[in-house]
Amino acid sequence: MRADLALKPAGHRTDREAERLRPVPPPAAAGGAFSGRVEDLSRPEGAPLRQFASVFPGTASGGGHAPALAVHVRNLHRRFDGRDVLSGIDLDIAPGEFVALLGRSGSGKSTCLRVLAGLDGEASGTIRVAARRAVVFQDARLIPWKRVLENVTLGLGLRNAGETALRVLKEVGLADRAGAWPLTLSGGEAQRVALARALVRAPELILLDEPFGALDALTRIRMHALLRELCSRYRPAVLFVTHDVDEAILLADRIIVLGEGRITLDRPGLPPETRDRGDARAIALRGQLLQELGLDSAAQKAAM
Ligand code: ADP
Ligand code: MG
């Protein structure tokens, strides 16, 4: 991975790069988006996950054609103890698209994310994901005996890894904590390190599993703003798992609801200027999503 690529925000990209990063239409219209340089990733149950060469041609191991999707999943199934948890998921995510995956507790959100992250070898279906991807969990999962900077550079393999990591730490507002031990960080700071560790890899796809679920309300608000800013600059594809309807409305360009092992709703998010909690469109969408999640009107009122 090139260092300049790792740290080039969207606003600084050349026209040619911007062209490559533009979201592609869904696969029916995109036709042969995967032809040629992407392997057939259909696999039987238990077979190892295989990856896109790269969704950004001309970078990393990519080829030089039109951009592929960041995620292409067909008929994804996952069973636990003879019980279907995911039973036929179809999902495409375009480069740069921010998708929230909503669902009740136990609906299979984390299972889905783990499959896409390559952390679950037991799922079946067609599963194609961008090769350069990063995962952020609810707990930051920092290595306690390594300082913040080393946690960010871990396994990076760049010649100027330290310098690159410092620049990303600055972007998440933590340049002054580069030498700190993880145990001395607040929850919000630790998650900002986790975001820096993800971004420093210039991911084509970021998978986040309730990343702010353990933070206090004020810190969450700050993290939402930070994530939105970073994503609008770097434009990775994002799959953001949450059970929080408001978080999904606030952040996402597209909202997917998972229930009974299937996608029960897949709809566009709101324009950014109408995502405020008090906005009429946000209120209406909130009601729709709560209903989709199976909350009756009394429970909805309590949640308002
Ligand atoms: P969510 O993230 O939406 O809360 P999960 O994906 O964690 O839900 O879990 C979905 C269902 O799959 C739950 O019923 C959970 O108990 C079950 N499950 C998840 N992981 C395992 C596992 N490793 N072994 C057995 N059951 C599991
Ligand atoms: Mg979960």
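Shown above is the structure to which this text applies.
Residues numbered from 1 in each chain as written. Chains lettered and ligands numbered in written order. Predicted model: local features only at pLDDT ≥ 70, side-chain atom pairs only at ≥ 80, totals over all residues.

(A) Up close: the overall build of the protein chain. Looking only at helices and strands, one finds 11 helices and 10 strands in the protein chain. Of all 304 residues assigned to the protein chain, the portion counted as buried reaches 38%. Sequence-distant contacts, at least 24 apart, represent 71% of the contacts inside the protein chain between residues at least 6 apart. (Helix = DSSP H or I, 4+ residues; strand = E, 2+ residues; numbered from the N terminus. Buried ≥ 20, exposed ≤ 12 C-beta atoms within 10 Å, placed from the backbone. Contact = placed C-beta atoms within 7 Å.)

(B) How the structure looks around the site of ligand 1. Around ligand 1, the neighbouring residues are Phe-80, Asp-81, Val-85, Gly-103, Ser-105, Gly-106, Ser-107, Gly-108, Lys-109, Ser-110 and Thr-111. Taken together, the residues of the shell around ligand 1 break down into two nonpolar, seven polar and two charged. (Near = placed C-beta within 6 Å. Nonpolar A, V, L, I, M, F, W, Y, C, P; charged D, E, K, R; others polar.)

(C) View of the nonpolar core. Val-71, Leu-239 and Phe-240 are the most contacted members of the largest nonpolar core, which has 71 residues in total. Of the residues forming this core, the biggest block, seven residues, is contributed by helix H7 (residues 187-199). Residues in contact with Phe-240, not counting those within four places in the same chain, are Phe-98, Val-99, Ala-100, Leu-101, Leu-208, Leu-251 and Ala-252. (Core = buried A, V, L, I, M, F, W, Y, C linked by C-beta atoms within 7 Å.)

(D) Focus on the sheet that holds strand S10 (residues 262-268). Taking strand neighbours across the sheet as the criterion, the six strands line up as S6-S7-S8-S4-S9-S10 in an open arrangement whose pairing is mixed. Of all the strands in the sheet, just strand S6 (133-136) and S10 have a single pairing partner and so form its edges. In this sheet, neighbouring strand axes are inclined to one another by 15° on average, regardless of whether the strands run parallel or antiparallel. Contacts between helix H10 (residues 280-292) and the sheet are confined to strand S4 (98-103), strand S9 (254-259) and S10, with S9 contributing the most and set at about 20° to the helix. (Pairing = 2+ DSSP bridges. Axes fitted to C-alpha atoms, helices over the stretch in contact; angles between N-to-C directions.)

(E) Region of interest: helix H6 (residues 161-171). Of all the positions in H6, only Thr-164, Ala-165, Val-168, Leu-169 and Glu-171 are classed as buried. When H6 is viewed along its axis, its buried side chains cluster within an angular range of 155° and face the same direction. Positioned one or two residues after H6, Gly-173 has a phi angle of 75°, which is positive. (Arc of directions from axis to C-beta.)

(F) Quick look at the environment of Glu-273. Relative to the assigned elements, Glu-273 resides in the loop between S10 and H10. With 23 residues separating them along the chain, Glu-273 and Leu-250 place their C-alpha atoms 9.8 Å apart.

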